[in-house]
Amino acid sequence: MSQPELAVRTHCPYCAFQCGILMGEDLGGDRPRISGDPHFPVNNGQLCVKGWSSAALLGHPQRVTVPQLRDGRGRWRPAEWDEALDFVAAKLASIRERCGADANGVFGSGALTNEKAYLLGKFARVALGTANIDYNGRFCMASAAGAQNRAFGIDRGLPFPVADVERAEVVLLVGANTADTLPPMMQWFDRQRANGGRLVVADPRRTPTARRADLFLQVTPGTDLALANGLLYIAIEEHIVDGRYIADRTNGFAAARAVVLQYHPARVERLTGVSESQLRQAVRWLATARSSMVLTGRGTEQHSKGVDSVHAWINLMLALGKVGKPHSGFGTLTGQGNGQGGREHGQKADQLPGYRLIEVDAHREAVASVWGVDAASLPRKGKSAYELLDVLSGEVKSLFVMGSNVAVAAPNLARILPKLQALELLVVCDAFHNETSEHAHVFLPVYQWAEEEGTLTNLEGRVIRRRTVARPPTGPRSDLRVLYDLALRLGVGDKFAFRSAEHVFDELKRATAGAPADYSGISYAKIERQDGVFWPCRSEDDPGTPRMFTERFHHPDGRANFFAVEHREAGEEPSAEFPLFFTTGRYKEHYNSGAQTRGVGKLANAQLLPRLEIHPRLARRHRVSTGSRVTVESRRAKVEFVAEVTADIRPDTLFAPFHWGGRQAANLLTSGVLDPTSRMPEFKLAAVRIASVRDGAQG
Ligand SMILES: Nc1nc2c(c(=O)[nH]1)N[C@H]1C(S)=C(S)[C@@H](COP(=O)(O)OP(=O)(O)OC[C@H]3O[C@@H](n4cnc5c(=O)[nH]c(N)nc54)[C@H](O)[C@@H]3O)O[C@H]1N2
Ligand SMILES: Nc1nc2c(c(=O)[nH]1)N[C@H]1C(S)=C(S)[C@@H](COP(=O)(O)OP(=O)(O)OC[C@H]3O[C@@H](n4cnc5c(=O)[nH]c(N)nc54)[C@H](O)[C@@H]3O)O[C@H]1N2
Ligand code: SF4
Ligand SMILES: [Mo]
């Protein structure tokens, strides 16, 4: 039972908006009362339904409090910590000895605090010596990161505070359904529009977000790149690009322009389904406004051309001269609670803390010296998330999972699940069982959000503090402690012996000093004083960097790069056999794999099942009505859904959320096709056919 203090300022456990919350005592029950923190300048007191109900995760009846191992018949049995840890460490060591260090895999998360993400990366490289660590951010932010790095030389989701939205005259929101995924963000759009601004939304569905837009572009799935190129074509043709800005602040316009000139409006209308008049309207608004911005979400990014699609939007905003100007620019909306920090501190197969690169000698040396190891001992670049899952039970024999439910969240599950099930060792560290732990050999119960300290970096690049509000139940340990416990047994305990999260943060600061994501000037005390600190923050007296790119970009010459990008087909396009687009996304009430929210009564009852959104015309053809059962079949699997007939979706497209596992998993249908640069799977597009369960007719 938790013993809350009164009105502690902390943050919601879920998404990257990291709403400020106040937690205090609930006199009527055993759970802390939660309210929105009116003084946190991002949510201003607002919360979404998940935030309001988040205290339900504390003191939850399904909370696991004892380590678990499998008995002789494969059932869970409770174990002492020592027994479980000895078992895991011995297995890891024996796999390493027999099959090499890279045969142990690690899977991290954008849900982990900066301290945990940092220590997990160090654990993989120093305690296990494996190259094979990656994380669920590869499924989330990898394409946005790839394009921002290529264009700007650095990747911070939003290079400005969300409050800047309020004064943007025009905002184009592409492939983001913020009304459901970042609900308190809508206040900023509402204020923006109250100030006379305009909101444009591009999505294949008329979402609750799109309903609030002044202009809605109902784009064909997988054609955002053509859409962005088409807008730039019109801007060039109408002479509304900013030649001065292009000359002063960018490289590569001529090559990008040459490609874009093939995207005349008739072609773009054919590819995207967006009319020429809408195209002209959208780009005129963006170009002629004093301030305008483009913000992207997963709809534009989770494609096998995600990096190039994001770069196409950046090209547009660079050509219009908006990036780095007041209340203007380009940004991408990070998803997970610590999706930003989680990608900065070395969970990615190719990165070390601070966005340093594991293949660059100087970077290896900088980090190795902080870790007190020989740079030559650090492994090289490992496999990306999907590629790692795809070699499980092949060259990789074990997986250590901290903060992800891959058995629901990974694409192409029909292929991945058997490999996950056949592992020699699967370890899950979590507060709750989920679909992944069903296949695990060991379950290590850990503290959750309000039971521990740490920092997270929100979608603005603002580093904030998570505080201990509730006393953890007896039994679980912190993730940081678990990593120490295992490192100790693997002979490197001294490198993981930290007194507290803050103590880990002190090392993280040193490991990022001089790196792109420089945290060296941030401290817990400064975060407290300033309502968060925006990185880069390079010294004690540096207040941090709320706005980037105002003077220069992060490439050595200070300029931003255009990149010539061409529309190309998706991994699979609709065909005679599989004639429809299938795309996936989220409900307001559920969070990601649903592992946390499906156990919260209020949320579960609001959305009991995934529903297949289908246009009335298509529904009629298949004699499907709301509530009837329908199967969706891709080249990989068949899934049965309950239909929801809605005119809000394109007639050639079906949509389902991915919050459920087992036979209801949308990811049985998605493919393993990856973006060549970011290795991001194509979650937002699969070719499918449907059949009403009643008559079996297909089409
Ligand atoms: N309620 C809730 N909130 C969340 C989460 C959650 O699970 N539930 N998860 C958090 C996380 S981790 C993330 S990453 C964010 C995600 O936040 P969003 O990116 O807003 O969420 P999605 O629903 O995945 O996708 C957004 C939209 O993309 C559209 N889309 C599909 N294909 C295309 C396309 O080809 N082009 C375009 N332009 N649009 C397309 C979909 O119709 C959908 O409306 O949300 C965060 N917040
Ligand atoms: N089809 C389809 N698939 C998708 C997507 C999509 O749009 N469509 N979106 C993708 C995206 S953007 C994302 S981010 C992924 C997310 O999907 P997952 O990677 O599965 O993420 P979550 O569901 O948030 O799982 C988090 C798990 O970590 C646990 N957890 C939370 N905090 C901690 C902690 O501090 N320590 C430990 N040890 N455990 C913790 C939770 O209890 C939960 O079991 O899904 C991806 N999959
Ligand atoms: S918007 Fe995100 S951070 Fe805010 S309450 Fe909802 S889930 Fe929590
Ligand atoms: Mo995400």
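Look up a bit, the structure's there.
Everything in this summary refers to the structure shown in the same document.

Rules used throughout
- One numbering rule holds for all chains: residues counted from 1, following each sequence as written.
- Chain A is the first chain written and ligand 1 is the first ligand written, with later ones labelled in order.
- Reporting of local features is limited, given that this is a predicted model, to residues whose pLDDT is at least 70; pairs of side-chain atoms are given and counted only at 80 or more, and all residues count toward the totals for whole chains, interfaces and linings.
- Hydrogens and water molecules were not included; the side-chain quantities draw on all heavy atoms of the structure.
- It suffices for a single heavy atom of a residue to lie within 4 Å of a molecule or strand for the residue to be listed as near it.
- When residues are grouped by polarity, Ala, Val, Leu, Ile, Met, Phe, Trp, Tyr, Cys and Pro land in nonpolar, Asp, Glu, Lys and Arg in charged, and all others, Gly among them, in polar.
- We call a set of buried residues a nonpolar core when its members are Ala, Val, Leu, Ile, Met, Phe, Trp, Tyr or Cys and they connect through side-chain atoms within 4.5 Å of each other.
- Accessible area is worked out with a 1.4 Å probe on protein chains only. A residue is then buried under 20% of its type maximum, exposed over 50%, and partly exposed in between.
- Domain start and stop points were drawn from an automatic or database domain assignment.
- Working definition: helices are DSSP H or I runs of at least four residues, strands are E runs of at least two. Numbering for both runs from the N terminus.
- Residue contacts follow a heavy-atom distance rule, with two residues in contact if any of their heavy atoms lie within 4.5 Å.
- Each polar contact in these results corresponds to two N or O atoms within 3.5 Å; when the atoms are within protein, one needs to be able to donate a hydrogen and the other to accept it, and residues that are neighboring in sequence are counted only if both atoms are side-chain atoms.
- When a carboxyl oxygen of Asp or Glu is within 4 Å of a side-chain nitrogen of Lys or Arg, the pair counts as a salt bridge.

**Some remarks on the site of ligand 3**
Argument step 1. Every residue lining ligand 3 is accounted for by C12, Y14, C15, Q18, C19, L47, C48, K50, G51, P183 and P184.
Argument step 2. Across the shell around ligand 3, the residue classes tally to 8 nonpolar, 2 polar and 1 charged.

**Focus on the nonpolar core**
Nonpolar side chains tend to gather and get buried jointly when the protein is soluble and globular.
Argument step 1. One finds F152, W313, L316, L318, F400, I522 and W535 to be the most contacted residues of the largest nonpolar core, which totals 116 residues.
Argument step 2. Each of domain 1 (78-139 + 338-534) and domain 2 (147-332) gives at least three residues to this core.
Argument step 3. Listed in part, the 51 residues of the second largest apolar core include V42, L57, A176 and W449.

**Comments concerning the environment of D155**
Argument step 1. With respect to the helices and strands, the residue D155 is situated in the loop between helix 4 (142-152) and strand 8 (170-174).
Argument step 2. Taking the relative accessible area as the measure of exposure, D155 reaches 0% and is therefore buried.
Argument step 3. Between the C-alpha atoms of D155 and F534, which are 379 residues apart in sequence, the distance is 13 Å.
Argument step 4. Apart from the residues lying within four places of it in its own chain, the contact partners of D155 are A145, Q148, N149, Q340, R343, Y355 and W535.
Argument step 5. Within polar-contact distance, the side chain of D155 engages the side chain of R343 at 2.8 Å.

**Side note on the pattern of salt bridges**
Argument step 1. The tally for this structure, following the rule as stated, stands at 51 salt bridges.
Argument step 2. For E424, the salt bridge is made with K91, and the minimal N-O distance between the two is 3.9 Å. Residue E424 is located in the loop between helix 18 (413-421) and strand 17 (425-430), and its partner K91 is located in helix 2 (residues 81-99); the two are separated by 333 residues in the primary sequence.
Argument step 3. Overall, the relative accessible area of 28% leaves E424 in the partly exposed class.
Argument step 4. Measuring nitrogen to oxygen at the nearest pair gives 2.8 Å for the salt bridge that ties D652 to R650.
Argument step 5. By relative accessible area, D652 is classed as partly exposed at 21%.

**Focus: unusual backbone geometry**
Argument step 1. For the bond from W535 to P536, the omega torsion is -5 degrees, close enough to zero to count as cis.
Argument step 2. Relative to the elements of secondary structure, P536 occurs in the loop between strand 21 (533-534) and strand 22 (560-561).
Argument step 3. Look at Y355: it is not a glycine, yet its phi comes out positive at around 75 degrees.
Argument step 4. Inspection of the secondary structure assignment puts Y355 in the loop between strand 14 (351-352) and strand 15 (356-357).
Argument step 5. At R623, a position not held by glycine, the phi torsion is positive, near 50 degrees.

**Quick notes on the site of ligand 1**
Argument step 1. Of all residues adjacent to ligand 1, which total 34 residues, the nearest are D203, D224, R586, H590 and N592.
Argument step 2. At 2.8 Å from an oxygen atom of ligand 1 is found a main-chain nitrogen or oxygen belonging to N177.
Argument step 3. A distance of 2.7 Å separates a nitrogen atom of ligand 1 from a polar atom in the side chain of D224.
Argument step 4. Of all the secondary structure elements, the ones that give two or more residues to the shell around ligand 1 are helix 5 (178-181), helix 12 (298-301) and strand 23 (580-585).
Argument step 5. A breakdown of the residues in the shell around ligand 1 according to their chemical character gives 10 nonpolar, 15 polar and 9 charged.
Argument step 6. Looking at which domains feed residues into the shell around ligand 1, each of domain 2 (147-332) and domain 3 (580-694) supplies at least three.

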